[in-house]
Amino acid sequence: MSTINTHAAHPRDCLFQALVIGRMALRNRLAVAPMTRVSATDGGCTTERMARYYGAFAEGGFGLVITEGIYTDKAYSQGYLNQPGLADDIQRDTWTTVIDRVHKGGARMIAQLMHAGALSQGNPYRGGSVGPSAVRPIGQQMAIYRGEGDYPMPRAMVPDEITEAIRGFADAAVRARHAGFDGVEIHGANGYLLDQFLTEGTNLRSDHYGGDLERRLRLIVEVTQAVRAAVGPEFTVGLRISQGKVNDFTHKWSNGENEAVQIFGTLAKLPLDYVHTTEFEAWKSAFGNGASLASLARQHAGVHVIANGSLQDPTRAADMIGSSQADVVSLGRGALAHSDWPARVLRGVPIDEFDREILSPIADLANEDRRNMERVRALL
Ligand SMILES: Cc1cc2nc3c(=O)[nH]c(=O)nc-3n(C[C@H](O)[C@H](O)[C@H](O)COP(=O)(O)O)c2cc1C
């Protein structure tokens, strides 16, 4: 198995400096990226296994744990079967055990609020999917989340449904606060509903939610304002944004850096505490030459930035902070490889490559347990 050398001569101390985002005090700059693991009950409640899964990241030294995308309402937000929800008080109360476990481990916990829109491939509450326009998503449903074949053709949302979706985000944010989360992250990235409104090809609307960039950003603006109004000024609110999508990895904002400046300039006017950018390789130029997306966010959004994308090499991660491109780095696959990634880096222990088999054929925790058992048996 190939390893990454954690003894490289690069100062990593910056990864372990404390930081306050909003009202949330972090012990270091290391976050677990949101990762859907479809391991909740059929009714969207968390389980004891999920509490252990999330708790392990805190015990392993991460300062911040961001949850998988959580659905927000019982209308059209759910994307995947066995995705957890914050759509009612029963679901809310099951999060408390998970949060307690993470807090006991010394980390903060943020709920990622997600509306899947046209990318929904498993929603027991309503038939069919909705999006900004009746445009069938490109690509295929994700098999690791029990999907198969083409995405269904979504129905264009009517104004009342947009209002219902905004209300869903706000209500879920209030439930997150009551459950004990330290904040919420609005999922505006990766091709889900808010990103569908932002993206030209999926938003063909002629009302005030479609057309130029300002109009395509309107749903992100209104959701952020509604969430902030609902949770008050003391609760941390962030937004995740990306160019790439789960069904279109290489998508780029069409007007390059100008568009990025306009998008982050709009976010700067919103009541946000942080922006979380994600790119395939976070340190690379966002548009072929020039600054990284995280760096553009940091320059133009005026808030703390969490950078994500292939940062499991500690030297790379430290460089994002050391070169002032980001304030925090989040790890997805790196955290799955080692829930104690921060502790390992501190001790100079090698970092293994991520074993993608833990997500195959289904990306749930039962499959990860099975895979880990196989690896233990192979060693005996
Ligand atoms: C299994 C898995 C599930 C994911 N689920 C989500 C999700 O629910 N919400 C989200 O914003 N990103 C999700 N992502 C994307 C990750 O947050 C992250 O952007 C991606 O893994 C790239 O970061 P990495 O190079 O550190 O792995 C997921 C990634 C993986 C591997």
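Going by the structure above, here's the rest.
Residues numbered from 1 in each chain as written. Predicted model: local features only at pLDDT ≥ 70, side-chain atom pairs only at ≥ 80, totals over all residues. Heavy atoms only, no water.

J.: Is there a simple way to explain the site of the ligand in this structure?
T.: Taken together, 19 residues are adjacent to the ligand, and P34, T36, R240, N308 and R333 come closest. In this structure, P34 approaches the ligand through a main-chain N or O atom, which is 2.7 Å from an oxygen atom. Expressed as a share of its isolated accessible area of 610 Å², the protein-covered part of the ligand is 87%. Put simply, the ligand lies in the largest pocket. Looking at side-chain class alone, the shell around the ligand contains 6 nonpolar, 10 polar and 3 charged residues. (Near = heavy atom within 4 Å. Polar contact = N/O pair within 3.5 Å; in protein donor to acceptor, adjacent residues only side chain to side chain. Areas by Shrake-Rupley, 256 points an atom, 1.4 Å probe, with all protein chains shown as cover. 1 Å grid on protein atoms, 1.4 Å probe; cavity = no way out; pocket = protein on both sides within 12 Å on 5 of 7 lines; lining within 4 Å. Sits in = over half its atoms within 2 Å of the grid points. Nonpolar A, V, L, I, M, F, W, Y, C, P; charged D, E, K, R; others polar.)

J.: Would you mind showing me how to read the packing of aromatic side chains here?
T.: How two aromatic rings sit relative to each other is set out by the distance from centre to centre and by the angle between their planes. Under the defined criterion, the tally for this structure stands at 9 aromatic pairs. Summarising the aromatic geometry, the rings of Y54 and W95 are spaced 6.4 Å apart at their centres and angled 50 degrees between planes, so their arrangement reads as tilted. In this pair, Y54 sits in helix α1 (residues 48-59) while W95 sits in helix α2 (residues 89-104), placing the two residues 41 residues apart along the sequence. By the burial criterion, Y54 is buried, and W95 matches it. Between the aromatic rings of W95 and F181, the centroid separation amounts to 5.5 Å while the plane-to-plane angle is 55 degrees, which identifies the pairing as tilted. In this pair, W95 sits in helix α2 while F181 sits in the loop between α3 (159-179) and β9 (183-187), placing the two residues 86 residues apart along the sequence. Here W95 matches F181 in class, with each residue buried. Taken together, Y53, Y54, F57, F62, W95 and F181 form an aromatic cluster joined through their ring pairs. When the ring centre of W283 is taken as reference, the NZ or CZ atom of R316 above it lies at 3.9 Å. (Phe/Tyr/Trp six-rings, centres within 6.5 Å; stacked < 30°, edge-to-face > 60°. Helix = DSSP H or I, 4+ residues; strand = E, 2+ residues; numbered from the N terminus. Buried < 20%, exposed > 50% of the residue type's maximum accessible area, 1.4 Å probe, protein only. Lys NZ or Arg CZ within 6 Å of the ring centre and 35° of its normal.)

J.: Explain helix α8 (residues 293-300) to me, please; I cannot follow it from the model alone.
T.: Structural remark: α-helix, 3.6 residues per turn; residues separated by three or four positions point the same way. L293, A294, S295, L296 and A297 are the residues of α8 that are buried. Elements that come into contact with the buried residues of α8 comprise α7 (256-268), β11 (274-278), β12 (304-308) and α9 (314-322). A positive phi of about 70 degrees marks G302, the residue just after α8. (Contact = heavy atoms within 4.5 Å.)

J.: I tried to follow empty space enclosed by the protein on my own but got confused; where do I start?
T.: It is a probe the size of a water molecule, rolled over the atoms, that shows where empty space is left. In total, this model carries 1 cavity of 30 Å³ or more according to the counting rule given. As a volume, the largest cavity reaches approximately 30 Å³. L198, T199, E200, R216, H251, W253 and E259 are the residues that line the largest cavity. (Points joined across faces, edges and corners; volume = space filled by probe spheres on them.)

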